[in-house]
Amino acid sequence: MSIQWFPGHMTKAKRLLLDQLRWVDVVIELGDARLPESSRNPLLQEMLGDKPKIVILNKSDLADPIQTELWVNVLRKVSPVLAVSAATGAGVGKIVPTLERLMADKIEKWAAKGIRARAIRVMVVGIPNCGKSSLVNNLIGSAKAKTGNKPGVTRGNQWIRIHDKVELLDTPGLLWPKFEDPEVGIKLGTAGAIRDEVLNLEELSIWLLAWLKQYYPDSLKRYTENVQDLDLEGIGRKRGCLVKGGQVDILKAAQIFIREFRAGSLGRFTLDHIEEKSRKEEDNSFESDITNEHSGIERDAQN
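Every value quoted in this text rests on a predicted model; they were computed, and no experiment measured them.

Parameters and conventions
- For every chain, the first residue of the written sequence is number 1, and numbering continues from 1 onward in sequence order.
- Confidence filtering applies because this is a predicted model: local features only for residues at pLDDT of at least 70, side-chain atom pairs given and counted only at 80 or more, and all residues used for totals across whole chains, interfaces and linings.
- Computation of side-chain values: all heavy atoms of the structure, hydrogens and water removed.
- Secondary structure is summarised from DSSP: a helix means a run of H or I of at least four residues, a strand means a run of E of at least two, and numbering begins at the N terminus for each.
- The classification of residues rests on relative accessible area computed with a 1.4 Å probe and restricted to protein chains. Under 20% of the type maximum is buried, over 50% is exposed, and intermediate values are partly exposed.
- The contact criterion used throughout is that any non-hydrogen atoms of two residues lie within 4.5 Å.
- The Shrake-Rupley method, run with a 1.4 Å probe, gives the accessible areas here. Residue values count only the displayed protein chains as cover.
- In this scheme Phe, Tyr and Trp rings, the latter by its six-membered ring, pair at centre separations within 6.5 Å, and the angle between planes marks the pair as stacked below 30 degrees, edge-to-face above 60, and tilted otherwise.
- When DSSP locates at least two bridges between a pair of strands, those strands are taken to pair.
- Definition of a polar contact: a pair of N or O atoms within 3.5 Å, with one able to donate and the other able to accept a hydrogen when the atoms are protein atoms, and with sequence-neighbouring residues admitted only if both atoms are side-chain atoms.
- Definition used for salt bridges: Asp or Glu carboxyl oxygen within 4 Å of a side-chain nitrogen of Lys or Arg.

Got a sec to walk through the overall build of the protein? Specific residues and values, please.
A count of helices and strands for the protein gives ten helices and six strands. By the burial criterion, 48% of the 303 residues in the protein qualify as buried. Looking at the protein alone, contacts between residues at least 24 apart form 70% of all its contacts between residues at least 6 apart. As displayed, the protein has an accessible area near 15600 Å², and 49% of this comes from carbon and sulfur atoms.

An account of the packing of aromatic side chains is requested, with residue identities and associated values reported.
Remark: the centre distance and the inter-plane angle together describe each pair of aromatic rings, the angle taken between the planes. On inspection of all chains with the given rule, the structure shows six aromatic pairs. Consider the rings of Tyr223 and Phe257, whose centres lie 6.0 Å apart with planes at 75°: the pair is edge-to-face. Of this pair, Tyr223 sits in the loop between α7 (201–215) and α8 (232–238) while Phe257 sits in helix α9 (residues 250–263), placing them 34 residues apart in sequence. Pair check on accessibility: Tyr223 and Phe257 agree, each one buried. Taken together, a centroid distance of 5.6 Å and an interplanar angle of 10° make the contact between Phe261 and Phe269 stacked. We note that Phe261, like Phe269, is buried. Ring pairs connect the aromatic residues Trp207, Trp211, Tyr215, Tyr216, Phe261 and Phe269, which therefore count as one cluster.

Mind laying out the pairing of strand β4 (residues 120–126), listing which residues take part and the relevant values?
Burial within β4 is extensive, with six of its seven residues counted as buried. One ladder, built from five bridges, connects strand β1 (residues 26–32) with β4; its direction is parallel. When the bridges of β4 are listed, Ile28 appears paired with Val124. Two strands pair when backbone bridges link them, and β4 and strand β6 (residues 166–170) are joined in this way by five bridges, in the parallel orientation. In the sheet register, Ile120 faces β6, and the bridge partner there is Val166.

So what's going on with the side chain of His273? Residues and values would help.
Tracing the backbone shows His273 in the loop between α9 and α10 (274–302). Residue His273 is classed as buried on the basis of its relative accessible area, which comes to 8%. Here the side chain of His273 touches Tyr216 through a polar contact of 3.0 Å, side chain to side chain. Leaving out residues up to four positions away in the same chain, His273 has contacts with Gln67, Trp71, Trp211, Tyr215 and Tyr216.

Explain the pattern of salt bridges residue by residue, including any values.
Under the counting rule described, the total for this entry stands at 15 salt bridges. Residue Asp19 is joined to Arg22 by a salt bridge in which the shortest nitrogen-to-oxygen separation is 3.4 Å. Two residues, Arg34 and Asp32, come together in a salt bridge whose shortest N-O distance is 2.7 Å. The exposure class assigned to Arg34 is buried, which follows from its relative accessible area of 2%.

Tell me about the environment of Val26, residues and numbers included.
Structurally, Val26 is set in strand β1. A relative accessible area of 0% means that Val26 is categorised as buried. Separated by 95 residues in sequence, Val26 and Arg121 place their C-alpha atoms 6.5 Å apart. What Val26 contacts, discounting residues up to four positions off in sequence, is Pro52, Lys53, Leu99, Leu102, Met103, Ile120, Arg121, Val122 and Met123.

Could you give an account of the side chain of Glu29, with specific residues and numbers?
Looking at the element boundaries, Glu29 is found in strand β1. Within the local environment of Glu29, its side chain forms a polar contact with the side chain of Arg40, the two groups lying 3.0 Å apart. Ignoring any residue separated from it by four or fewer positions in sequence, one finds Glu29 in contact with Arg40, Asn41, Gln45, Lys53, Ile54, Val55, Ile56 and Val125.

Spelled out as structure tokens, the structure:
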């Protein structure tokens, strides 16, 4: 299954982001705690350059807490990292103090130059449906930013005062034109970052079912005790997705299964396992060594 989704408004969002980045002091890069790596747009990494940044992993209430802690420890080696939940408010109170600490040296330099301190200008960037607007609403304590449970709700950029010392620019969700690793697209689709209308939910559910059997088999016992033999038909029968003749509506079963996963009804999961990252890095290192070795052999043969 190959998934790609880059609607036209994202090209405009990219141009707006680049244009307004120069007015910003700090960037909040918002990711999905269930996808600490796959939800981070490589396009943004290039666009942001060396701009001061905080990585915030939202929806931590839906993610595996052990995996979240491991990922925070890895990611904080590069920049400050917070795991939060805009839905419950957990960890959100740490954001403004972290911004102030990150800007402390710059504010001190302003004061030394006789420049009166102004509000810290912050931009929030991230992929669609990672909870940007919900986080902003939590920070300001009201629903001034439009929210929705579908990717792509925020289409225009808006400055919002979230604190007497912080102004925040909310931006539309931005994906990248091509997922080099097909599994990244699958994971983004599973988590809800890509519109269901462009997805094959049956194939997505089959992938998710196999993944849960491997990493979190106990989560599937709500459907049957015989987890390893469970398929979409079994889920459909358990959920009453029957049509005339007693047949199972497989599409409806897939929709219910995906919905229950996204809502956290099956449990707390992290689709990017830190162990997978380590394994892939080892594989890439091995492939690189093999390539270098072959190149050396070819050079020696030519000489």
